[in-house]
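Residue-level structural notes
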Number of protein chains: 2
Amino acid sequence: MKKADIDAFYADRVSLDRQKYIVLEYYLETLIEPREAAAHLCQEMSTAQWSRVGVDEDFRPEFGAKVVELTVLDDQARPSSPYLVSTMGSTAERVARVNVTIWYPYHNFGTKIPNLLTVVCGEGVFHAPNICAIRLVDIDFPESFLADFQGPQFGVAGLRDMLGVYDRPLLFGVIKPNVGLPPEPFAQLGFEAWSGGLDIAKDDEQLGDVDWSSVEERSRRLGALRKRAEELTGEKKIYLCNITDEVDRLLELHDIAVKNGANAVMVNGMTTGFSAVRMLRKHAQVPIVSHFDLMGPFIQLPWFGVKDQVFTKIQRMAGFDVLIYPGFDHRLKTSKEDVLANAKACLQPMGSLKPTLPVPAGSQWAGSLQPLYETLGSVDFGIVPGRAVFGHPQGPRGGAASLRQGWEAVEKGIDLKEYSWTHRELQQAIEMHTS
Amino acid sequence: MKKADIDAFYADRVSLDRQKYIVLEYYLETLIEPREAAAHLCQEMSTAQWSRVGVDEDFRPEFGAKVVELTVLDDQARPSSPYLVSTMGSTAERVARVNVTIWYPYHNFGTKIPNLLTVVCGEGVFHAPNICAIRLVDIDFPESFLADFQGPQFGVAGLRDMLGVYDRPLLFGVIKPNVGLPPEPFAQLGFEAWSGGLDIAKDDEQLGDVDWSSVEERSRRLGALRKRAEELTGEKKIYLCNITDEVDRLLELHDIAVKNGANAVMVNGMTTGFSAVRMLRKHAQVPIVSHFDLMGPFIQLPWFGVKDQVFTKIQRMAGFDVLIYPGFDHRLKTSKEDVLANAKACLQPMGSLKPTLPVPAGSQWAGSLQPLYETLGSVDFGIVPGRAVFGHPQGPRGGAASLRQGWEAVEKGIDLKEYSWTHRELQQAIEMHTS
């Protein structure tokens, strides 16, 4: 690129109207001079060819993406992926590692999720020339952009009102077994867990509307038993029904589930597209919960893809009341910093959008509550065990009780082990966890 | 896992009914004994907890994923990502590299795209224990599964009938500039390109329905000029309108575009979700074209994510008539083998689904035709240049003419350079390309 063309993709923040731009933070590795690589990135993701042949015009001032900050972290680093370098026809053994902040004029595409994703994670970004690794690390939206999004209908406060639980984390449980188990015994497991103290009995993310367990029958059976559990315990309960399906069935399945007594629905957001969730949000009468399927390839590598918190912000905008996302367990292959950034993205101020409840998931049990509470520094989170509730030696009732006892120990400031001496279900949970 | 539990996730192909299973090929790297790692993967992606506490039952025979083949490529390999190993709390410097073939009983989730993606690319796969890298390399569906999908409405033959072009590749061109250019001059560029010999003038993937270029006005102007270009040239032409938008607007935008004279529509499939395309397919009157935005993070690394051909097969099932995907250019960071596998997945027999036209994209020009034709071994492909048509010194008319001349040279077996001596537009294209 000529120097003048490179310069055209740079700007001083103060010269730009903040309300017209979304802010993008990328990490990238490049084979060429970083300033030019970043300009080329901006060109590819906005005004690739900025004038007609023979016409004196320039769309860059109004429509061009602009680099407002560029930091070279290391200009002689080993590439994170020598393979990607080789696909570019290069044998370079050194690259520059760069953080770049780009302001992007969103009138290029409007306040639409698929078009946003096209621009910030599309061909222009992941196939930009001379860039051999790139990660979208963060995104921020002006108030004017956020104003077009409904966000969560219930949010953290609304969920707490539904349950009448204000002073502790919310206790989800994934009913297990799920794949293969017919609705009648499946519902019975939910009932037992609620009776033992679970707040929210949920379908597994793999369990949809199938002939051996239809949403119609499952929600009817669980809806009825939810009310019975509420009478029995004097507590409010939630049945979270997984309605993930083809997008033209989401509203219908929502209606069936809600009519039958489900009082929250789950959609595996990336698999249906976040736009489908935004559509559902306009129609929904109950909280909507996301599960993180199909996100692994984006989020797991620190030098490539898209950082989880970007999707968290977009999902909050789309209208999810709860996000289940990869938490601290080693199985989840997620850094502690990423899990925390995600929780923050759920709860921090974001235009007038309500907060979304973070549920950092992964092989949890009663003993997960204390470290999560300490790490997150708040009770505004959920845990979502499966086997710890439904594989408990005393069954789901005992498993759910062990969670409540686990929180009681935290609340009272008593060591978990010590508290278990007088609480049999917790004692068994500890045995199960350490065996 | 106990030996008996590992064994429960293994089966001999001949003992299984092929029509009940989809076939998944994974590449994976593991810290533990490969046979156990693969069994654990099957467990996580199907019957995680296969019985209730205190009940003598086992859902694995009917609902369990089954390893039918496992090949250890190297049991002392350096991990592709030491970082991912470290997130798992390990300092292992050696891993086993494994290919594994899994048969998955699809009655677990039904013939639904979001639920399919949840299972084959979900938490169970990308967050499976002791697996520090995984890639879904291929997928195959039984006829019984494919029978529920419409696939392409037009396919390659239908597109050729629309254009009356049977013996050569189809010539797409991305109208440029696009971001910022109002509909009237934008349409004029399309008209000139058609007049010069382009088959299909298309919107850029970044150009949606925006206030400065609505689909309504753009399709009206291009629809009218398309007819004029057809009269002028005596050839049939296509205007491909990008209707990528929130999923609840796709059908409406399709109707507006088609009413106004667009005779094909583009949707950036991954950004809307493939399920939204399947919905559009049921309604569409014109061919549907995909562009590959948001796919980069899945497809670029050979040891991680999802191989492009998996998405190609799913997109063909969803109903795309044309797939624009990363081609041979270095900028696209895609191996030659992956590009070829994709073309094959578009065209090979697949139940009763029509073939999809492969368009391996990337900085193409007249000189791209010969190598593509030779590499693909067929005329059933498209090219999709942008600047080579719309940045040509003689403008889009000259740029489009250069493409036709480029193909004439291939047809006549004349060297491109030699042919350019008598074809000015081609000569200029060569100069532009080599400058």
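Residues numbered from 1 in each chain as written. Chains lettered and ligands numbered in written order. Predicted model: local features only at pLDDT ≥ 70, side-chain atom pairs only at ≥ 80, totals over all residues. Heavy atoms only, no water.

Residue and element names in this part refer to chain A. It is at 8 Å that the axes of helix α10 (residues 215–233) and helix α11 (residues 250–259) come closest, and there the two elements cross at 25 degrees. Comparing their axes, α11 and α10 come out roughly parallel. The chirality of how α10 crosses α11 is right-handed. Residues V215, E216 and S219 of α10 pack against L253, I256, A257 and K259 of α11. Residue composition of the contact of α10 with α11, grouped by class: four nonpolar, one polar and two charged. (Axes fitted to C-alpha atoms, helices over the stretch in contact; angles between N-to-C directions. Helix = DSSP H or I, 4+ residues; strand = E, 2+ residues; numbered from the N terminus. Parallel < 35°, antiparallel > 145°, perpendicular 65-115°, else oblique. Left-handed = near helix turned anticlockwise from the far one by under 90°. Contact = heavy atoms within 4.5 Å. Nonpolar A, V, L, I, M, F, W, Y, C, P; charged D, E, K, R; others polar.)

Attention now moves to the sheet that holds strand β2 (residues 66–77) of chain B. All names here are of chain B. With respect to topology, five strands assemble into an open sheet ordered β2-β3-β1-β4-β10, the strand pairing being mixed. Each edge of the open sheet is held by one strand with a lone partner, namely β2 and β10 (305–306). Pairing between strand β1 (residues 21–30) and strand β4 (residues 131–140): eight bridges, direction antiparallel. Its bridge partner being in β4, E29 is matched across the sheet by A133. Sitting on the sheet, helix α2 (residues 34–44) touches β1, β2, β3 (95–105) and β4, and the angle it makes with β2 is about 135 degrees. (Pairing = 2+ DSSP bridges.)

Right, let's get into the UniProt feature "domain: Ribulose bisphosphate carboxylase large subunit C-terminal" (unreviewed entry) in chain A. Following the UniProt record, one finds the feature "domain: Ribulose bisphosphate carboxylase large subunit C-terminal" (unreviewed entry) at residues 155–432 of chain A. Taken end to end, residues 155–432 of chain A is 49% helix and 12% strand, and its first and last C-alpha atoms sit 34 Å apart. (UniProt positions renumbered as here; feature names shortened; annotations may be inferred.)

Moving on, we come to the relation of the copies chain A and chain B. For these two chains of identical sequence, chain A goes onto chain B by a turn of 180 degrees and a shift of 0.0 Å along the axis, with RMSD 0.0 Å. Overall, the copies show the geometry of a two-fold rotation axis. If distances are taken from each C-alpha of chain A to the rotation axis, the shortest is found for G273 of chain A, at 2.3 Å. An overlap of 100% is found between the interface residues of chain A and their copies at the interface of chain B, pointing to a shared contact surface. (Least-squares fit on C-alpha atoms with pLDDT ≥ 70 in both.)

With 95 residues of chain A at the contact, the number on the chain B side is 95 residues. Each partner contributes to the roughly 8000 Å² buried at the junction of chain A and chain B, and carbon and sulfur atoms together form 59% of this total. For chain A, the biggest contributors to the area lost against chain B are H127, Q206 and K333 of chain A; these three give 9% of the whole. Its salt-bridge partner being K282 of chain B, residue D248 of chain A comes within 3.0 Å of it at the nearest N-O pair. Joining chain A to chain B, the criterion identifies 46 residue pairs in polar contact (both at pLDDT 80 or more). (Buried area = accessible area lost by both parts, 1.4 Å probe. Salt bridge = Lys/Arg side-chain N within 4 Å of Asp/Glu carboxyl O. Polar contact = N/O pair within 3.5 Å; in protein donor to acceptor, adjacent residues only side chain to side chain.)

Our focus in this paragraph is the domain arrangement of chain A. Residues and elements named next belong to chain A. According to the domain assignment, chain A consists of domain 1 (3–146) and domain 2 (155–434). Its C-alpha centre places domain 1 at a distance of 37 Å from the equivalent point of domain 2. At the interface, 25 residues of domain 1 touch 24 residues of domain 2. Summed over both partners, the interface of domain 1 with domain 2 comes to about 1900 Å²; 67% of that surface belongs to carbon and sulfur atoms. Three residues stand out in domain 1 for area buried against domain 2, namely I113, R135 and L146, and they jointly supply 36% of the buried area on that side. Summed over the shared surface of domain 1 and domain 2, the number is three salt bridges. The salt bridge involving R135 is made with D338; its shortest N-O contact spans 3.8 Å. (Domains from an automatic or database assignment.)

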